[in-house]
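# Examining the three-dimensional arrangement
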Amino acid sequence: MRAIFTINYVTQWGENLFLVSDSDGTSHAMSFHDNFYWSCELEAGDDFVYHYEVRAGVRVRIEPFGHYLSFCRSNTLDEVTLLDSWQDYESDNIFCTSPFQIMFPRKRPRRVDKCVMPSHVTLRVKAPAIPPEYALAITGGSLQLGNWQPQKAARLIPADFPYWTVRLQPEGVYEFKFVVVDRESGELVAWEEGDNRELAVTFPHNSALVVTGLKFSNPLSKWKCAGTAVPLFALRTASDFGVGDFADIPKIVDWATRTGQHIIQFLPLNDTTSLDSCHMSHPYNPVSAFALHPIYVRPPKAGVLSDKKLMARFTQRAMHLNSMKSIDYGGVLRLKIDYMRAVYEDNIQAILEDVAFSDFVAANASWLRPYAAFCILRDSNETQCFEHWGAYSVYDEDKVSAFLEAQSHEANFVFFYQYTLHKQLAEAVRYAHEHNVLLKGDLPIGVSPHSVDVWCAPAMFDMSRQAGAPPDYFSQHGQVWGFPLYDWKAMEQDGYSWFKARVRNMAQYFDCCRLDHVMGYFRMWAVPLGQSEGACGHYVPCIPDVPIEVNELLWKQNGLNHLGAIVGATSMLLCGENIGTVPAGADDVLKQLGVLSLEIQQLPRDGYPFRWPDTFPYMSVCSTSNHDMNVLRSWWKHDYTAAQQLYDLVLHHDLTAPDEATPDMCEEILAQNLGSSSMLAIFPIQDWLSIDADLRNPDPDSERVNNPMSVDNRWDYRMHIPLETLVAAAEFNKKVRMLIAQSGR
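### Here we look at the overall build of the protein chain
- Secondary structure assignment for the protein chain yields 20 helices and 32 strands.
- Relative to the compact-globule value of 27 Å for 745 residues, the protein chain shows a C-alpha radius of gyration of 28 Å, a close match.
- When its C-alpha atoms are laid out on the principal axes, the protein chain stretches across 80 × 75 × 65 Å.
- Across the 745 residues in the protein chain, those meeting the buried criterion constitute 56%.
- Taking as baseline every contact in the protein chain between residues at least 6 positions apart, the subset at least 24 positions apart corresponds to 73%.
- For the protein chain, the computed accessible surface area is about 31,500 Å², with 51% contributed by carbon and sulfur atoms.
- A distance of 5 Å separates the average location of the 62 positive side-chain charges in the protein chain from that of its 90 negative side-chain charges.

Okay, structure coming up:
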């Protein structure tokens, strides 16, 4: 069937517009018409995925979000005309991300009529955040549109998220407006915002018109929710092996459900295993950007051991490790690997014959096979410094394939371990979604210099310097993180394929994603190799001897390019950690791309040692602290002067502030943050517990997860109470639920 694609797009002199098929990459040159309308004709199948590109000799601009055309053709239909709109980065794209698909489930009819009928107009409208008890309708000045009576309006049908469609008979000129109505009664809920719409259409007999790119101006109140930030390793249950793991996620989800929370945020879950034990626990020092950390497996869920005595010894070791106040990473990891090795040896034939296992290995071969070789070579050479691996010091795909063939037994163990981790995390994700709880992951800004990623693709990294941060609130001497910088030119020439693969891999498990040190996508603080203090670094890129505004324009464009590639590659809701030194224009880029900012009340701004929650924007995540800071009670204790100011100026108390952050004070601070405009209010679990005198930790200083100024930090914090106690704390849970409900979240 002939399809005529039409789009209104303003180009510059010398630029031309092309339609590109996503399935085979075929480009179709478009013809220019009056008023910057472009068109082309081609034969299109029933399902056609495509996007538009602007070129002037070489590609100049590519549409970040494409189009999906799906319909069944009528026997009498000769052609269809599509009136498209360029799908660009826009702040309201946040409503098209995964959280809104889960929190606003679509009640689609059993059978959706996708037929495009001759002499009919089909409207395709983007309207993501419509609650399931409501429906979208169209009303206007004609009989088929209900003569401006919402109860008689034509209902739209939910299509592929976030679109709704309606098929209309031709009227020449339509004047209309979209409305939200009650799904059952048809009663009006709200008119869309803005003036009446008008659409004039003409098309030949036996043809049809499909109008895309329409956006519903949603008048409903903006969705907000509350949640908890907690390192997965910090969770504690009676059945743990000395560290929180994937099997604990359903229990924290149960607690979230009881308290009216809808999001749980974790630190990065990537493998950070290192033979240097002081780096083993650092979640922002991954040895693989794709592999899950072996420490998060729950071995008994992987299989039952035939040797009951061995199983009893494993259980006894697990009980000892679980009784410890903090995490013994080396001991826990050795126990879990030993247990998983025993399961593998007991069930190896069944594992290798499992179709699901084979499918997992095949689907993830691009990162899984190099990762397996990396793990085997690291352990056999007793170092992860691949420079010392002899013939394998430089990655060679043919050599690695031969190596894995020769080491198939060990390679299959690594495959099995990662497959088990994947299954257990995927099971926890399903449980969370069944209970309307979102999971938020964390994308580290860098990788270890001795990671499988650097080993496989050294050209993508700048190994001549190390990343860090200048002196700031978190460290008066600056920070040195030790991982390499990115070679952004190489990344861009490769189409950012590595970054896109990372976020697509994460999207299997997470609905939201924290972008660690998001300012690093604009410019990175580079520190010379061998230096231990960040103060001696400088920003890269940086043009010397020019006004700062010149560099800030450069950094702004970098952020738009680098982050734009990531935003266009995932359906996750992205949240940038925009703290520290923020270049001019960076906040504008985040807003344009639909990336939420981070607002932490206890961080200094505008000369004050804190922030006012009533100034937080909607497109933000608000919190009372984070993993690099003192928790709320410790902040109060160690910065009493700031606490007194907050007590006076923000909480509006006239008296002397109490010496410690009492449960009532903590509750008041959390309630104030919950009342902010921020879309997400996510508090550390330590700060939630601080509002209860019986559940709060007697030693708040022990609850800090990381201190950037300390090189000895081991990331070994664990909750002082088990999740079983938290789930059963009826009065506390009732109080949390009430606080959240009163805030409208």
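### As for helix α9 (residues 408-434)
- Under the 1.5 Å per step criterion, the end-to-end length of α9 is 38 Å for 27 residues, consistent within 8% with the ideal 39 Å.
- N436 lies just past α9 and shows a positive phi near 55 degrees.

### Looking at the sheet that holds strand β25 (residues 479-486)
- The strand order across the open sheet built from four strands is β25-β24-β27-β28, with neighbouring strands paired in antiparallel fashion. For this open sheet the edge positions go to β25 and β28 (538-540), each flanked by a neighbour on one side alone. With strand direction ignored, the average angle separating the axes of adjacent strands in the sheet is 55 degrees.

### Let's talk about the sheet that holds strand β22 (residues 263-265)
- The strand order across the open sheet built from eight strands is β29-β26-β23-β22-β21-β32-β31-β30, with neighbouring strands paired in parallel fashion. Taken across any chain shown, the strands that pair with only one partner, and hence form the sheet edges, are β29 (573-576) and β30 (597-600). Mean inter-strand twist for the sheet, computed between neighbouring axes without regard to direction, equals 25 degrees.

### Quick notes on the packing of helix α5 (residues 329-353) against α9
- Where α5 meets α9, the closest approach of the two axes is 10 Å, and the angle between their N-to-C directions is 105 degrees. Comparing the axis directions of α5 and α9 gives the class roughly perpendicular. Residues K336, I337, M340, R341, V343, Y344, E345, I348, I351 and L352 of α5 pack against H409, E410, N412, F413, F416, Y417 and T420 of α9.
- Among the residues forming the contact of α5 with α9, the class breakdown is ten nonpolar, three polar and four charged.

### Concerning empty space enclosed by the protein
- Under the definition given, this model contains four cavities of 30 Å³ or more.
- Taken as a whole, the largest cavity encloses approximately 340 Å³ of empty space.
- A229, Q265, S625, N626 and H627 are the residues nearest the centre of the largest cavity, which is lined by 29 residues in total.
- Put simply, the parts of the chain that give the lining of the largest cavity at least two residues each are β23 (438-443), β29, β30, β31 (620-623) and β32 (680-684).
- Each residue belonging to the lining of the largest cavity can be placed in one class, and the counts come to 15 nonpolar, eight polar and six charged.
- Taken as a whole, the second largest cavity spans an internal volume of roughly 100 Å³.

### Looking at unusual backbone geometry
- Going from F161 to P162, the amide bond is cis rather than trans, its omega being 5 degrees.
- Along the chain, P162 falls in the loop between β15 (157-158) and β16 (163-168).
- P541 follows V540 through a cis peptide bond whose omega is 0 degrees.
- One non-glycine residue, N35, lies in positive phi territory at about 60 degrees.
- Locating N35 in the fold gives a position in the loop between β4 (31-33) and β5 (37-43).
- By relative accessible area, N35 is classed as exposed at 64%.
- Unusually for a residue other than glycine, H517 sits at a positive phi of about 45 degrees.
- You can see H517 is positioned in the loop between β26 (512-515) and β27 (524-528).
- A relative accessible area of 13% places H517 in the buried class.

### Section: the packing of aromatic side chains
- One pass over the structure, following the stated rule, counts 50 aromatic pairs.
- Taking the centre distance of 5.9 Å and the plane angle of 10 degrees together, the rings of F100 and F104 count as stacked. Accessibility assignment for this pair places F100 and F104 in one class, buried.
- One aromatic cluster in this structure is built from F461, Y486, W488, Y496, W498, F499 and Y521.
- The lysine or arginine in question, R55, covers the ring of F18, its NZ or CZ lying 4.5 Å from the ring centre.

Rules and cut-offs
- Residues numbered from 1 in each chain as written.
- Predicted model: local features only at pLDDT ≥ 70, side-chain atom pairs only at ≥ 80, totals over all residues.
- Heavy atoms only, no water.
- Helix = DSSP H or I, 4+ residues; strand = E, 2+ residues; numbered from the N terminus.
- Rg over C-alpha atoms; globule rule 2.2 N^0.38 Å.
- Buried < 20%, exposed > 50% of the residue type's maximum accessible area, 1.4 Å probe, protein only.
- Contact = heavy atoms within 4.5 Å.
- Areas by Shrake-Rupley, 256 points an atom, 1.4 Å probe, with all protein chains shown as cover.
- Lys, Arg positive; Asp, Glu negative; His and termini not counted.
- Charge placed at Lys NZ, Arg CZ, Asp CG, Glu CD.
- Expected span 1.5 Å × (residues − 1).
- Pairing = 2+ DSSP bridges.
- Axes fitted to C-alpha atoms, helices over the stretch in contact; angles between N-to-C directions.
- Parallel < 35°, antiparallel > 145°, perpendicular 65-115°, else oblique.
- Nonpolar A, V, L, I, M, F, W, Y, C, P; charged D, E, K, R; others polar.
- 1 Å grid on protein atoms, 1.4 Å probe; cavity = no way out; pocket = protein on both sides within 12 Å on 5 of 7 lines; lining within 4 Å.
- Points joined across faces, edges and corners; volume = space filled by probe spheres on them.
- Phe/Tyr/Trp six-rings, centres within 6.5 Å; stacked < 30°, edge-to-face > 60°.
- Lys NZ or Arg CZ within 6 Å of the ring centre and 35° of its normal.

Fair warning: the whole summary comes from geometry, so function is off the table for now.
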